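Take a look at the letters that make up each chain.
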Amino acid sequence: MNDVTSAASAASMPALDAAASAPVAVQAASAVSTAPELGFAHFISQTDAVGQGLFGILVVMSIISWGLIVTRGVALYLRQKRSRAFLDFFWNATSLEAVQQEIQTHGVQEPFAHLTAHAMNAQAHHARYGAAKLEEAGSAQDFLTRTIKKVLDEETMRMESGLTVLATIGATAPFVGLFGTVWGVYHALLAIGATGSGSLDKVAGPVGEALIMTGVGLAVAIPAVMAYNWLTRSNRVWGARLDAFAFELFTFLSTGHSMKSGEAAKGAAVVSLNTQTRN
């Protein structure tokens, strides 16, 4: 009888051990499932209206910045490609009539063709009507100089369009992120003061919010600054080429010969155009 009882007790021991370990396993699984996921979305969801507003501002600034980067980058690529094609055609054309016919056929799609079309139209208009109005006063070269300068100013403004917004975003985005950082640190100090404890579970949320705001601010500012520098340099290079072409075009329209055919004509035309532009 004692043997039977001992055997039954021995058989029931594994069952008791399993029953005793079951609540522990359930508690461990429950703890794992209820543990917070400290990810990006978690920290953003824990912020208040000010933090979420700052994050929204940074998102909007990033969208605007990348929109300008893409649009201005594509416009720059197309402008450079079309400008090279037009310059190649212009200097290989047999006459000004061929250039004018090309412009009338395909239209004006880049700065060099725009400048050429206005300069040729100004020369033809002054030759036909003379100085009929105040804006046409002076000699034909004076009127041509004013027209070229006006077109150069228009093209410069067009090339610089949107760069001010990029510069503003690149300069202000880090400070918007810094404001979010300060706000997160402020929340961490409030949590420490309310509980009297600086344990990780009390300050992890506010500190994570602060670090995320810093990172987002830099992520918005760095592409904007790099794109601004790239576009500014590209516009400066092509603006210098456009200025050089304007001297060539002025000389060719004024004398009927390109600057390559005579240094004397070159010096006279450059001095005349510089004098008129400065005045």
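Here, the structure is the one placed above.
Residues numbered from 1 in each chain as written. Predicted model: local features only at pLDDT ≥ 70, side-chain atom pairs only at ≥ 80, totals over all residues. Heavy atoms only, no water.

Draft legend 1. Summary view of the overall build of the protein. The helix and strand tally for the protein stands at 9 helices and 0 strands. N-terminal to C-terminal, the α/β element order of the protein is α-α-α-α-α-α-α-α-α. When each of the 279 residues of the protein is scored for burial, the buried share is 33%. Carbon and sulfur atoms make up 65% of the accessible area of the protein, which totals about 16500 Å². (Helix = DSSP H or I, 4+ residues; strand = E, 2+ residues; numbered from the N terminus. Buried < 20%, exposed > 50% of the residue type's maximum accessible area, 1.4 Å probe, protein only. Areas by Shrake-Rupley, 256 points an atom, 1.4 Å probe, with all protein chains shown as cover.)

Draft legend 2. Seen up close, the environment of His 114. Within the element layout of this structure, His 114 appears in helix 5 (residues 111–129). Considered as a pair, His 114 and Leu 152 are 38 residues apart in the sequence and their alpha carbons are 9.5 Å apart. His 114 has contacts with Val 108, Val 151, Glu 154, Glu 155 and Arg 158, leaving out every residue within four places of it along the chain. (Contact = heavy atoms within 4.5 Å.)

Draft legend 3. Geometry of the packing of aromatic side chains. Tallying each qualifying case throughout the model produces 7 aromatic pairs. Look at Phe 112 and Phe 245: their rings are 5.4 Å apart centre to centre, the planes differ by 75°, and that puts the pair in the edge-to-face class. Here Phe 112, found in helix 5, pairs with Phe 245, found in helix 8 (residues 200–255); they are 133 residues apart in sequence, far enough to count as distant. Phe 245 sits in the buried class, given a relative accessible area of 4%. With 6.4 Å between their ring centres and 80° between their planes, Phe 179 and Trp 183 make a pair best called edge-to-face. (Phe/Tyr/Trp six-rings, centres within 6.5 Å; stacked < 30°, edge-to-face > 60°.)

Draft legend 4. Summary view of the side chain of Thr 147. By secondary structure assignment, the location of Thr 147 is in helix 6 (residues 140–159). Given the relative accessible area of 13%, Thr 147 is considered buried. For Thr 147, the contacting residues outside a window of four places in its chain are His 118, Ala 119 and Ala 122.

Draft legend 5. Expanded view of the packing of helix 3 (residues 49–92) against helix 4 (residues 96–106). Between helix 3 and helix 4, the least distance of the axes is 9 Å, while the angle of their chain directions is 150°. When the interaxial angle is binned, helix 3 and helix 4 end up roughly antiparallel. The handedness of the crossing between helix 3 and helix 4 is right-handed. From helix 3, Phe 86, Phe 89 and Phe 90 reach across to helix 4, where they touch Ala 98, Val 99, Glu 102 and Ile 103. Counted by class, the contact of helix 3 with helix 4 contains 6 nonpolar, no polar and 1 charged residues. (Axes fitted to C-alpha atoms, helices over the stretch in contact; angles between N-to-C directions. Parallel < 35°, antiparallel > 145°, perpendicular 65-115°, else oblique. Left-handed = near helix turned anticlockwise from the far one by under 90°. Nonpolar A, V, L, I, M, F, W, Y, C, P; charged D, E, K, R; others polar.)

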